[in-house]
Amino acid sequence: MSRVDEPWWKRATIYQIYPRSFADSDGDGIGDLRGIISKVDYLAELGIGAVWLSPIYKSPHADNGYDIADYCAIDPVFGTLDDFDELLAALHARGIRLIMDLVVNHTSDEHQWFKESRSSKDDPRRDWYWWRKGRTAPDGSSLPPNDWGSFFSGPAWTLDPASGEYYLHLFAPKQPDLNWENPRVRAAIHQMMKWWIDRGVDGFRMDVINYISKDPGLPAGEPGPQGYEDGSRWFASGPHLMEYLQEMRLAVLSDPGKELLTVGETPMITPSQAAQLTDHEGPLDMVFQFEHVNLDQVGPDKWELRPTSAREVFGSLVAWQHALGDRGWNSLYLSNHDQPRQLSRFGDERFRTRSATALATALHLLRGTPYVFQGEELGMANAPVASSEDLYDIESRNHFATAVAAGSDPDGVLEVFRLKGRDNPRSPMQWTDGPHAGFSTGRPWMPVNPDYRTVNAAAEAAEEDSVLAYYRRLIRLRANSDVVAHGSFVELDAGDPNVLAYRRELGSESLLVVVNLSGEVRSIRLGDLLPPEGGQLELVLGNGDASARDALGEWEARVYRLTS
Ligand code: ISL
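The residue count restarts for each chain, going from 1 along the sequence in the order it is written. The predicted nature of this model means local features are confined to residues of pLDDT at least 70 and side-chain atom pairs, given and counted, to a pLDDT of 80 or more, with totals for whole chains, interfaces and linings taken over all residues. As a rule here, side-chain values cover all heavy atoms of the structure and leave hydrogens and water aside.

Student: Honestly, the environment of Gly-47 in this entry has me stumped. Any pointers?
Tutor: Secondary structure follows DSSP: runs of H or I at least 4 residues long count as helices, runs of E at least 2 residues long count as strands, and numbering of each begins at the N terminus. Along the chain, the position of Gly-47 falls in the loop between α2 (40-46) and β2 (50-53). Since its relative accessible area comes to 22%, Gly-47 is described here as partly exposed. Linking Gly-47 and Arg-476, residues 429 residues apart in sequence, is a C-alpha distance of 6.3 Å. Among all residues touching Gly-47, those that are not within four sequence positions of it are Ile-475 and Arg-476. Per-residue accessibility, obtained with a 1.4 Å probe over protein chains only, is compared with the maximum for each type, and a residue is labelled buried under 20%, exposed over 50%, and partly exposed between these values. Residue contacts are counted whenever heavy atoms from the two residues lie within 4.5 Å of one another.

Structural data, given as structure tokens:
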């Protein structure tokens, strides 16, 4: 396949920026667009092909911007539309595309649409949201229409006293769900997306996009956490999902001259559903599935945890390699703004550089598109949580209050947040060893991780064997390699469950990847990992000295090109 007719996102690495924590230009302690502009050369040097920019739209920030009050306005805390246009031009000038975060399962309750919808039962926008009468309890009191729980604790319904009706919010009460059954809602979203495309953006990451089609009866769910029902069987991947996404693709995303990327965030999606959404006729290019990042969850309660390991995580990712094969396309990620930092969760801070680069090697050379969450390329670790004062995320703050009120030990709840809370990845980017790690000249909205004095971009840019230097090499290897972008995936048995081994093959080209996903030395038999026709091994990338042919050091990763 020539480079001309391949989709650009099969060769690119995509970098997620959480604007609040990336770079602050005006000293208010919150990252902003001009801060990102000041870092575009850093992004270009990293070699990424696109930026996924988490929400920058007008918002009351109940959920750090995933509660949008105006889809076509930049929130003043992040800057202006002129700043946005300047950032877009600066990225494009460096060959970097920009993917916007599309949050359209819900709006903010401060969006004009919701204000009108709530104003009266007869308002033309009433059915732009899910309004329902409540039930009556035996004692005559009012109950929500069903017992679905919110992802952010409490019920998924809030009573509007003025109308006596309840509105649905799968997340916070300040995030009312849009009613996608209504064609006027869909048309308004399409119009907004076209507005951003006309402004020059290169695609969308679609927030919980498989929640937009719900069973209109909103039936009772299964027993869920905190005594509420888990309604996900009725709101995830509902009856009209394919229809709504195909309609969106035709209406907005099919301009052949634009090569727009669509990546859907799809919690609970199965491999067959993902293949249907992302195959050649599918409406999306790829999806974020959650199997590997939920292996540590027991049942429907996110906070009921069990131990997991890097090997188990990659076992799941390998299964998805087979499941999508050449039918669909995988997003490859281990962390993001909702997931703990992969070094702390799946790696080993005692082997920081080795384990950070081992995880990256194992992930990036799989078949799919890799995503790097800001700071991952530095080996940044989870933000410390000493007390409930260190909880900033609405999901964690609500759960902490609910769990402690129900009698849970506060320290036990904090320990669970240290393992799975969404504050873990959100501490400010660590640029230098100076005040506030060079993130801001003011007091950051969230403390910088104290390890910034040694873990920072400036220090690592100067070191040949730093995590940053390795990521630059790894990202360029993918960008310049047809076999990584387009090759098949061949799973191998390295003879040790802690060693991940696979080949990527395209015609006569073949890469062999072997990674020790543990903190112990492991023996391997490289000869057993060659294809039937054999071949010579040429080391093209590694995080160790590769001196022992048949033994991998702790967290050692090697990539060989096979030559006949
Ligand atoms: O917390 C999670 C990871 O375990 C998920 O439940 C996450 O909340 C879910 O994937 C939805 O995430 C997206 O939508 C939310 C927003 O809070 C997240 O930041 C966003 O990524 C509501 O918009």
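Student: Quick question: what am I supposed to make of the sheet that holds strand β6 (residues 131-133) here?
Tutor: Adjacent strands of a sheet form backbone hydrogen bonds with each other and so pair up, either parallel or antiparallel. At least two DSSP bridges between two strands are needed for those strands to be called paired. What the three strands build is an open sheet, ordered β6-β10-β9; its pairing is antiparallel. Taken across any chain shown, the strands that pair with only one partner, and hence form the sheet edges, are β6 and β9 (157-160). With direction set aside, neighbouring strand axes in the sheet form an average angle of 40°. Examined bridge by bridge, β9 and strand β10 (residues 165-168) share four bridges and lie antiparallel to one another. By the bridge assignment for β10, Leu-159 is matched with Tyr-166. Between the N-to-C directions of two axes lies an angle of 0 to 180 degrees, each axis being a line fitted to C-alpha atoms and, for a helix, fitted only over the stretch in contact.

Student: When you look at the domain arrangement of the protein chain in this model, what are you seeing that I'm missing?
Tutor: One frequent convention defines the size of an interface as the accessible area lost when the parts assemble. Residue ranges for the domains originate in an automatic or database domain assignment. Segmenting the protein chain into domains produces domain 1 (1-103 + 330-383 + 427-483), domain 2 (112-168), domain 3 (183-283 + 319-324), domain 4 (387-423) and domain 5 (487-563). Relative to domain 5, the C-alpha centre of domain 1 lies at a distance of 29 Å. Listed per partner, the contact involves 21 residues of domain 1 and 25 residues of domain 5. Here the quantity called buried area is the total loss of accessible area, with a 1.4 Å probe, experienced by two parts when brought into contact, counted for both. Between domain 1 and domain 5, a total of about 1900 Å² is buried, with carbon and sulfur atoms accounting for 68% of that surface. For the domain 1 face of the interface with domain 5, the top three residues by lost area are Arg-354, Leu-365 and Val-483, together amounting to 36%. Salt-bridge detection follows one rule: a side-chain nitrogen of Lys or Arg within 4 Å of a carboxyl oxygen of Asp or Glu. Linking domain 1 with domain 5 are zero salt bridges. Polar contacts, as used here, are pairs of N or O atoms within 3.5 Å; protein pairs need one atom able to donate a hydrogen and one able to accept it. Residues neighboring in sequence count only if both atoms are side-chain atoms. The interface formed by domain 1 and domain 5 contains 10 residue pairs in polar contact (both at pLDDT 80 or more). When contributions to the side of domain 1 that touches domain 5 are tallied by element, the ones reaching two or more residues are α11 (352-364), α15 (467-479) and α16 (482-486). The leading source of residues in the side of domain 1 that touches domain 5 is α11, at seven residues. By the convention adopted, Pro, Cys, Tyr, Trp, Phe, Met, Ile, Leu, Val and Ala count as nonpolar, Lys, Arg, Asp and Glu as charged, and the other residues, Gly among them, as polar. When its residues are assigned to classes, the side of domain 1 that touches domain 5 shows 11 nonpolar, five polar and five charged.

Student: Where do I start with the environment of Thr-158 in this structure?
Tutor: As for its placement among the helices and strands, Thr-158 is situated in strand β9. Accessibility expressed as a relative area gives 22% for Thr-158, which makes it partly exposed. Considered as a pair, Thr-158 and Gly-134 are 24 residues apart in the sequence and their alpha carbons are 9.9 Å apart. In contact with Thr-158, not counting residues within four places along its chain, are Glu-165, Tyr-166, Tyr-167, His-169 and Pro-173. At a separation of 2.7 Å, a polar atom in the side chain of Thr-158 contacts the side chain of His-169.

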